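# A structural walkthrough
One letter stands for each residue in the lines below.
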Amino acid sequence: MPDVFAGRRRVPRPENDPNLSYAPGTPARTELKARLASMAAETVDIPIIIGGKEIRTGATAKVVMPHKHGHVLGHFHKATEEHVRQAAAAAVKARREWSSWSFDDRAAVFLRAAELLTTTWRSTVVAATMLGQSKTAFQAEIDAASELVDFWRFNAAFGQELLAEQPDSSHTVWNQMEYRPLEGFVYAVSPFNFTAIGGNLAGAPALMGNAVVWKPASTSMLSAYYVMRLLETAGLPPGVISFVPGDAASISNVVLDHPDLAGIHFTGSTGVFNGMWQKVGQNLGKYRGYPRLVGETGGKDFIVVHASADPQEVAVAAVRGAFEYQGQKCSAASRMYVPKSRWNDIRDRMVAMMQEIKVGDVRDFRNFMGAVIDRKSFDKVSGYIDDGRKNAKVIVGGGCQGDEGYFIEPTLVESADPNYRLLCEEIFGPVLSVYAYDDAKWSETLDIVDRTSPYALTGAVFARDRGAVIEAASALRNAAGNFYINDKPTGAVVGQQPFGGARVSGTNDKAGSKMNLIRWVSARTVKENFAPPTDFKYPYMAEE
Ligand code: NAD
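To start, this report covers the structure provided alongside it.

## Some thoughts on the site of the ligand
- Around the ligand lies a shell of 26 residues, among which Ser 190, Ser 252, Ser 269, Thr 297 and Glu 426 are the nearest.
- Side-chain polar atom of Ser 252 to a nitrogen atom of the ligand: 3.3 Å apart, as the coordinates give it.
- Thr 297 has a polar backbone atom sitting 2.8 Å from a nitrogen atom of the ligand.
- About the coverage of the ligand: the protein hides 83% of its 850 Å² of free accessible area.
- For the shell around the ligand, the secondary structure elements donating two or more residues are helix 8 (248–256), strand 10 (261–267) and helix 9 (270–282).
- Taken together, the residues that form the shell around the ligand break down as 14 nonpolar, nine polar and three charged.
- Summarising the domain contributions, the shell around the ligand has at least three residues from each of domain 1 (27–297 + 506–526) and domain 2 (301–485).

Shown next, in the form of C-alpha cells:
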C-alpha cells in the first residue's frame, strides 16, 4: 500500500497469550472435545500448495494417530522433484511484490493470523496437534495455540524494533539502514514435535519480506496443513509460503541445488542439519550468495542437583521436565545428577508420582502422557530401555506397548557410570537417566555434566545454597543455551526466555527474538549527502 500514514506506525504491544485450562465445566473443553470428535470422523486430503494452487499427485502417505495407529486421519500428497522446482520458482516470483510491501502490511497478515488462531481456529489447530502428534490438551494448547500466537505477535514487534535501529547522522549527512529481505528464497524444514515451530520457521523469514518453501515433517502433517490454511485465510498472498510435503531427502536435494537458495530455517536433529550444511558447502559455487544457515537441533538436557536443594521441588521438576509430551521436547530433561545423600528421598518421591501417571489416548483427559510419534521412535526408545535393563538399573517404568498405539511408560534408569550411553546420547522419549554422585564431588560433577555430551541446549541447577548456584552457572556457562535455576529445563516462553542452544544443539539464533529476525535480512547502508564537496582539494593543501 502507498505510504499514506504519516510518521511511524507501531504494532500493538504484544502480550503472552494466556493458556486455556480445559478444566471440567469450561466452554473451551466442550468445544475442544467436539472438535476432536469431528476431526477423528474425517479423513482429510492434504494437497501440496504451490503459489496458492492446490496440487494432488496421487502418490500419498497416511496421517495416523500415534496413540491409535490404525486410525487414519488423512492422506497427504507427496511432491515430486518437479513440484519442488515449481515451489522455488513461485517463491522467487511472489517475493517481488511481497518484499515491496511495507513491514507493517506484512506484519498485519501475521497479526490477523494470530487473532484467528487465538479465537475461531484455536480448537482446530489444538485438536489436530492432539490427534496427529499425540499431545495432551494442555501440551497442545501451550504449543499450537499460545506459542504460535506469541511467535507471530512478538516477532511483529521485534521486527519493528530492528527496523528502528539506525546509524548516526549529521546536518550534512543522513545515514540510513535498509533491512532488505534476502535475495532468493528461504527453505523452512520443521520437526514433528512442535506445531508452533513450523509456523515460526516459515513465518519469521516471511515477515521480514522473504518468500519461503516450507517442508513440514510427515508426522505432523495435519496440524501443519491447518496452520498453512490459517495463514491463507489471514491474507497471506499466494506463493509467499509454499507448502511442500513429501520425501525429505529428495525435496532437499532439489532445494539445496537451487541457485536462488538464500537461507535455511531448520529445526530437527543434528545429523540432518549437518547433512544440509555439508551439501550447502559442496554447492557454494552454485548460489548467488552465501545462504544463511539457521538450525536448532538436538539436546541432552540436564538437571544437576546440589545437596541444599528442596527434594520435592526437584522431583516435580524432573517428572514434568522429563515426561511431559513423552520426553519428545528438545528441551526435555534426559539426564540427572543427584547427590547420594539425597538420592533415595528424591527417587522415592519420583517413583510415587510416576506410578500415578496415566499413559494413553490423549482424548481421555485424565492421561498425562500420550504415545511416542511413530514406529521408528518406538523401536529406538524401547531399544534404549532394553540397554538400560542389561547395563544399568531400570527403577520404574520400562513398559512398551506398540500394538494399538506407540505407548512407552515413563522410565527412570540409574547408572553408576556417568559415561554410560543413556547419560550421553539423545533418546527423545520418556526416559530419564540418573547418576548419583558423592556429595563431596560437587565441583567434579559439574565438570562431568559439562563434558558428558556434545549438546548444549537446556539445563537446570537446583540448590538453595547461593554459592552452589553461582558455581554451577559459571562451570556450566557453555553447557546450555537456556539455563534454569530452580526450575525445570522445559517450557520456554516467547518474549521471556528466547530459545536455542550452542555446540551441536544449533546455531543459537534464539527463536522468537530479534536475533533470529536479523538472519532473514541483508542490510543496505545508504549515505545521503546534503552538502557534497565542490572542490577536490583538501584544506591542508593550501599555500601557507
Ligand atoms: P528430524 O531431524 O528427523 O526431522 C526434522 C525435519 O527434517 C523433518 O521435516 C524431516 O522430514 C526433515 N528431514 C529428515 N531427513 C532429511 C534430509 N535428509 N534432508 C532434509 N530434511 C530432512 O527431527 P524430528 O524427529 O522431526 O524432531 C526431533 C529432533 O528435533 C530432535 O533431535 C530434537 O532435539 C530436535 N528439536 C530441536 C529443537 C530446538 O529448538 N533445538 C526444537 C524441536 C526439536
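## Describing the packing of aromatic side chains
- Applying the stated criterion across every chain, the model contains 13 aromatic pairs.
- Ring centres of Tyr 225 and Tyr 226 lie 5.8 Å apart, and the angle between their planes is 45°; this geometry places the pair in the tilted category. As far as the burial class goes, Tyr 225 and Tyr 226 line up, both buried.
- A connected cluster of aromatic rings, assembled from ring pairs, spans Trp 214, Tyr 225, Tyr 226 and Phe 243.
- Seen from the ring of Phe 365, Lys 33 lies directly overhead, with NZ or CZ sitting 4.4 Å from the centre.

What counts and how
Residues numbered from 1 in each chain as written. Predicted model: local features only at pLDDT ≥ 70, side-chain atom pairs only at ≥ 80, totals over all residues. Heavy atoms only, no water. Near = heavy atom within 4 Å. Polar contact = N/O pair within 3.5 Å; in protein donor to acceptor, adjacent residues only side chain to side chain. Areas by Shrake-Rupley, 256 points an atom, 1.4 Å probe, with all protein chains shown as cover. Helix = DSSP H or I, 4+ residues; strand = E, 2+ residues; numbered from the N terminus. Nonpolar A, V, L, I, M, F, W, Y, C, P; charged D, E, K, R; others polar. Domains from an automatic or database assignment. Phe/Tyr/Trp six-rings, centres within 6.5 Å; stacked < 30°, edge-to-face > 60°. Buried < 20%, exposed > 50% of the residue type's maximum accessible area, 1.4 Å probe, protein only. Lys NZ or Arg CZ within 6 Å of the ring centre and 35° of its normal.

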